[in-house]
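Residues per chain are reported as follows:
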Amino acid sequence: MSLLPKSDSIQIREVWNDNLEEEFALIREIVDDYPYIAMDTEFPGIVLRPVGNFKSSYDYHYQTLKDNVDMLKLIQLGLTFSDEKGNLPTCGTDKYCIWQFNFCEFNVDEDVFANDSIELLRQSGIDFKKHKEKGIDAMSLHGGLNKLAELLEVERVGICHQAGSDSLLTSCTFRKLKENFFSGTLEKYSGVLYGLGVENAH
């Protein structure tokens, strides 16, 4: 495959709520052979800037990104899987496959957004009405440990916010997530901690 494949050789697989499970199944089939993943997200822009003292511009930019991502709602997630040589999967077709996940949470009539970002997304073909009606419900997998455990039907033993009980719930929830959503090696997640700055990551 050439470094930049021609557009007519690529199939962008649009993922909505009604075909989410079958696309997940397809991804599970190819991910072991195409373990390199590039991703991009579309959010409603930058709507706030953090204040305070930062050790470096990296810390400031990281905090800006984190604050906006935490506050705003995801519109799209793009995933491209490739092998070590940059080849893309064909998924049994005559075209290379990449994925575009479309989410339903963002409501242009109610939610906070940056005007220029939303206008750019509209001009780029984002149909916010279709997203609201047919988009993926991302509320399957966020809201803290308790919410996640509840959604995955993992039962707590002991008292919430006590270390022993929380550690057991974390272990059981992780195992349930692994069984339901991940295949292959989990090495890429080793040592990754929530909120860790880029310069501290090893």
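Provided above is the structure to which this section pertains.
The structure contained in this document is the topic of the report that follows. (Residues numbered from 1 in each chain as written. Predicted model: local features only at pLDDT ≥ 70, side-chain atom pairs only at ≥ 80, totals over all residues. Heavy atoms only, no water.)

**Some details on the sheet that holds strand β2 (residues 36-42)**
Strand pairing in a sheet relies on backbone hydrogen bonds. The paired strands run either parallel or antiparallel. Spatial ordering of the open sheet is given by β1-β4-β3-β2, a layout of 4 strands whose pairing is mixed. Strand pairing shows two members of the sheet lacking a second neighbour, β1 (10-15) and β2, which therefore form its edges. On average, each strand axis in the sheet is tilted by 20° relative to the strand beside it, whichever way the strands run. Direction of pairing for strand β3 (residues 76-82) relative to strand β4 (residues 96-102): antiparallel, over a ladder of 4 bridges. (Pairing = 2+ DSSP bridges. Helix = DSSP H or I, 4+ residues; strand = E, 2+ residues; numbered from the N terminus. Axes fitted to C-alpha atoms, helices over the stretch in contact; angles between N-to-C directions.)

**Section: the pairing of β3**
Across the 7 residues of β3, 5 count as buried, placing the element largely inside the fold. Across 7 bridges, the pairing between β2 and β3 is antiparallel. Its bridge partner being in β3, E42 is matched across the sheet by Q76. (Buried < 20%, exposed > 50% of the residue type's maximum accessible area, 1.4 Å probe, protein only.)

**Observations regarding the state of the cysteines**
Two cysteines form a disulfide when their sulfur atoms are joined by a covalent bond. Enumeration according to the criterion identifies 0 disulfides in this entry. Between C91, a free cysteine, and C97, which holds the nearest cysteine sulfur, the sulfur-to-sulfur gap is 3.4 Å. Given a relative accessible area of 0%, C97 falls into the buried group. (Disulfide = S-S within 2.5 Å.)

**Quick notes on the packing of aromatic side chains**
Across all of its chains, the model carries 5 aromatic pairs by this definition. Pairing F54 with Y60 gives two aromatic rings, centres 5.4 Å apart and planes at 75°, and the pair type is edge-to-face. For Y60, a relative accessible area of 25% translates into the label partly exposed. Through a chain of ring-to-ring contacts, the aromatic side chains of F106, F113 and F128 assemble into a single cluster. (Phe/Tyr/Trp six-rings, centres within 6.5 Å; stacked < 30°, edge-to-face > 60°.)

**Regarding the environment of S124**
One can find S124 in the loop between α3 (115-123) and α4 (128-134). Side-chain polar atoms of S124 contact the backbone oxygen of L120, separated by 2.8 Å. (Polar contact = N/O pair within 3.5 Å; in protein donor to acceptor, adjacent residues only side chain to side chain.)

**Considerations on helix α2 (residues 57-71)**
Taking 1.5 Å per residue, 15 residues should reach 21 Å; α2 reaches 21 Å between its end C-alpha atoms and fits that length. Of all the positions in α2, only D59, T64 and N68 are classed as buried. End-on view of α2: buried residues confined to an arc of 155°, all on one side of the axis. Among the exposed residues of α2, those oriented more than 90 degrees off its buried face are Y58 and L65. (Expected span 1.5 Å × (residues − 1). Arc of directions from axis to C-beta.)

**Quick notes on the side chain of H131**
Counting through the fold element by element, H131 comes out in helix α4. Here N102 takes part through its side chain, which lies 3.5 Å from a polar atom of the side chain of H131. One polar contact links the side chain of H131 to the main-chain carbonyl oxygen of F103, over a distance of 3.1 Å.

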